[in-house]
Amino acid sequence: MTEGTRAHRREQTRRALLREGRRLFATRGYGAVGLAEIVQSAGVTKGALYHHFASKADLFRAVLHEVQQEVGREVAETAAAQDDPWEQLTTGCRAFLTASTAPGVQRIMLIDGPAVLGWSEWRALDEAASARHLAEALTTLVEQGVLTPQPVEPLTHLLSGAMNEAALWLAGSSGPRDLDDTWNALSRMLQALRAAPAPAPRP
């Protein structure tokens, strides 16, 4: 067996563990899933799992990273489709709320993520995946005078926290208009950040 073939098989094993781990974590939650079930579903041995991941928590960390990166890419691509920087911000925020309503995303990214990894590590992963894009969008709007001049870092954390909390609330809600109502509330918050238009020059 060539080294290339072995590397390919190792990657296949890793992908199978991530796929089955993600499926089980999403449907049943981290605490209800055992390693034996994961390796059986993936069709590999526990030894193969430990070759790639040090523990169930380590596998979950990789699954969470994958989910956060997917959501971050979806938000960034949706925002980038808009030409106007303000529309990029608002479209991206709405895309995050929409993506976060997927049950598997909610369970892995918002419910089990902080509980399993701890708040500090979860926040670091969240910042790497999506908060950076939010900070860049806010920086552009402040520089262009669309937003009232202010430090961007605290504003980024405030908005990111508000959206994560809103997504968590949506995870337990069932009203048909809950997503629209949440977006409308967030939209009003964002509008309040806009700088007052310059007065028209006197004739």
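Throughout this document, residue positions are counted from 1 along each chain, in the order its sequence is written. Where local features are concerned, this predicted model is filtered to residues with pLDDT of at least 70; where side-chain atom pairs are given and counted, the filter is 80 or more; whole-chain, interface and lining totals use all residues. In computing side-chain values, all of the structure's heavy atoms are included and hydrogens and water are not.

Engineer: Before we go on, may I ask you to explain the packing of helix α5 (residues 85-100) against helix α7 (residues 119-143) in this structure?
Structural biologist: If you want to describe how two helices pack, look at the angle between their axes and the distance between the axes. The axes used here are C-alpha line fits, helices contributing only the stretch in contact, and every angle between their N-to-C directions lies in the interval 0 to 180 degrees. Here a strand is any run of E in DSSP of at least two residues, a helix any run of H or I of at least four, and the numbering for each starts at the N terminus. The geometry of α5 relative to α7 is characterised by a closest axis approach of 9 Å and an angle of 150° between their N-to-C directions. In terms of their interaxial angle, α5 and α7 are classed as roughly antiparallel. When you trace α5 past α7, the crossing you get is left-handed. Every residue of α7 that contacts α5 at Pro85, Trp86 and Leu89 is listed here: Leu134, Ala137, Leu138, Thr140 and Leu141. As a working rule, the residues Ala, Val, Leu, Ile, Met, Phe, Trp, Tyr, Cys and Pro are called nonpolar, Asp, Glu, Lys and Arg charged, and the rest polar, with Gly in that last group. Tallied by class, residues from the contact of α5 with α7 come to 7 nonpolar, 1 polar and no charged. Working definition: roughly parallel below 35 degrees, roughly antiparallel above 145 degrees, roughly perpendicular at 65 to 115 degrees, and oblique for all remaining angles. Note: crossing handedness is left-handed where the near helix turns anticlockwise from the far helix by less than a right angle, and right-handed where it turns clockwise. What makes two residues a contact is simply this: any of their non-hydrogen atoms within 4.5 Å.

Engineer: Quick question: what am I supposed to make of the pattern of salt bridges here?
Structural biologist: Two side chains bearing opposite charge may form a pair once their charged atoms approach each other closely. Here, a salt bridge means any side-chain nitrogen of Lys or Arg that lies within 4 Å of a carboxyl oxygen of Asp or Glu. Within the structure shown, the criterion is met by 15 salt bridges. Ionic pairing is found between Glu121 and Arg61, a salt bridge with its closest N-O pair at 2.4 Å. Of this pair, Glu121 sits in helix α7 while Arg61 sits in helix α4 (residues 56-80), and the two are 60 residues apart along the sequence. Each residue is assigned to one of three classes by its accessible area relative to the maximum for its type, calculated with a 1.4 Å probe on protein chains only: buried under 20%, partly exposed between the two thresholds, exposed over 50%. Residue class for Glu121 comes out partly exposed when judged on its relative accessible area of 28%. Here Asp112 makes a salt bridge to Arg107, at a shortest N to O gap of 3.7 Å. Under the relative-accessibility criterion, Asp112 is labelled buried at 10%. When its relative accessible area of 30% is taken as the criterion, Arg107 is described as partly exposed.

Engineer: Which parts of the structure should I look at to understand the side chain of Lys56?
Structural biologist: Considering the arrangement of structural elements, one finds Lys56 in helix α4. A positive count includes Lys and Arg, and a negative count includes Asp and Glu. His and the chain ends are not counted in either. Despite its burial, Lys56 pairs with no opposite charge, the nearest such side chain being Glu37 at 8.6 Å. At a separation of 3.0 Å, a polar atom in the side chain of Lys56 contacts the main-chain carbonyl oxygen of Tyr30. A distance of 2.6 Å separates a polar atom in the side chain of Lys56 from the backbone oxygen of Val33. The definition of a polar contact used here is a pair of N or O atoms within 3.5 Å, where within protein one atom must be able to donate a hydrogen and the other to accept one, and adjacent residues in sequence count solely through side-chain atom pairs.

Engineer: How should I be thinking about α5 in this particular structure?
Structural biologist: In an α-helix, one turn spans 3.6 residues; hence positions three or four apart end up facing the same way. The end-to-end C-alpha separation of α5 is 23 Å, in line with the 22 Å expected for 16 residues at 1.5 Å each. The complete set of buried residues in α5 reads Trp86, Leu89, Thr90, Thr91, Gly92, Cys93, Ala95, Phe96, Leu97, Ala99 and Ser100. For α5, the secondary structure elements touched by its buried residues are α4, α6 (103-117), α7, α8 (152-171) and α9 (178-192). The distance from a side-chain oxygen at the start of α5 to the backbone nitrogen of Trp86 is 3.1 Å, and the residue carrying that oxygen is Asp84. Helix span, expected: 1.5 Å multiplied by one less than the number of residues in the helix.

Engineer: It is not clear to me how the confidence of the model for the protein chain should be interpreted in this structure. Could you clarify?
Structural biologist: One number per residue, pLDDT, summarises how confident the predictor is, and it ranges from 0 to 100. Of all residues in the protein chain, 97% attain a pLDDT of 70 or more, and the chain-wide mean is 90. Across the protein chain, helix α2 (residues 35-42) holds the top mean pLDDT of 95, while α7 sits lowest at 88.

Engineer: Looking at this model, I keep getting lost on the packing of aromatic side chains. Mind explaining?
Structural biologist: Two aromatic rings are characterised by how far apart their centres lie and by the angle between their planes. A pair of Phe, Tyr and Trp rings is counted when the ring centres sit within 6.5 Å of each other, with Trp represented by its six-membered ring. The angle between the planes then sorts it: under 30 degrees is stacked, over 60 is edge-to-face, the rest tilted. The tally for this structure, following the rule as stated, stands at 4 aromatic pairs. For the pair Phe25 and Phe60, a centre-to-centre distance of 5.3 Å together with 75° between the ring planes defines the contact as edge-to-face. You can see Phe25 sitting in helix α1 (residues 3-28) and its partner Phe60 sitting in helix α4, a full 35 residues away along the chain. Judged by relative accessible area, which is 0%, Phe25 ranks as buried. Among the residues examined, Phe60 registers a relative accessible area of 0% and is labelled buried. Ring geometry for Tyr30 against Phe60: centres 5.3 Å apart, planes inclined by 70°, an arrangement best described as edge-to-face. Taken together, the residues span a long stretch of sequence, with Tyr30 in the loop between α1 and α2 and Phe60 in helix α4 at a distance of 30 residues.

Engineer: Before we go on, may I ask you to explain the environment of Gly175 in this structure?
Structural biologist: Assignment of secondary structure puts Gly175 in the loop between α8 and α9. Sequence separation between Gly175 and Leu117 is 58 residues, and the spatial gap between their C-alpha atoms is 31 Å.

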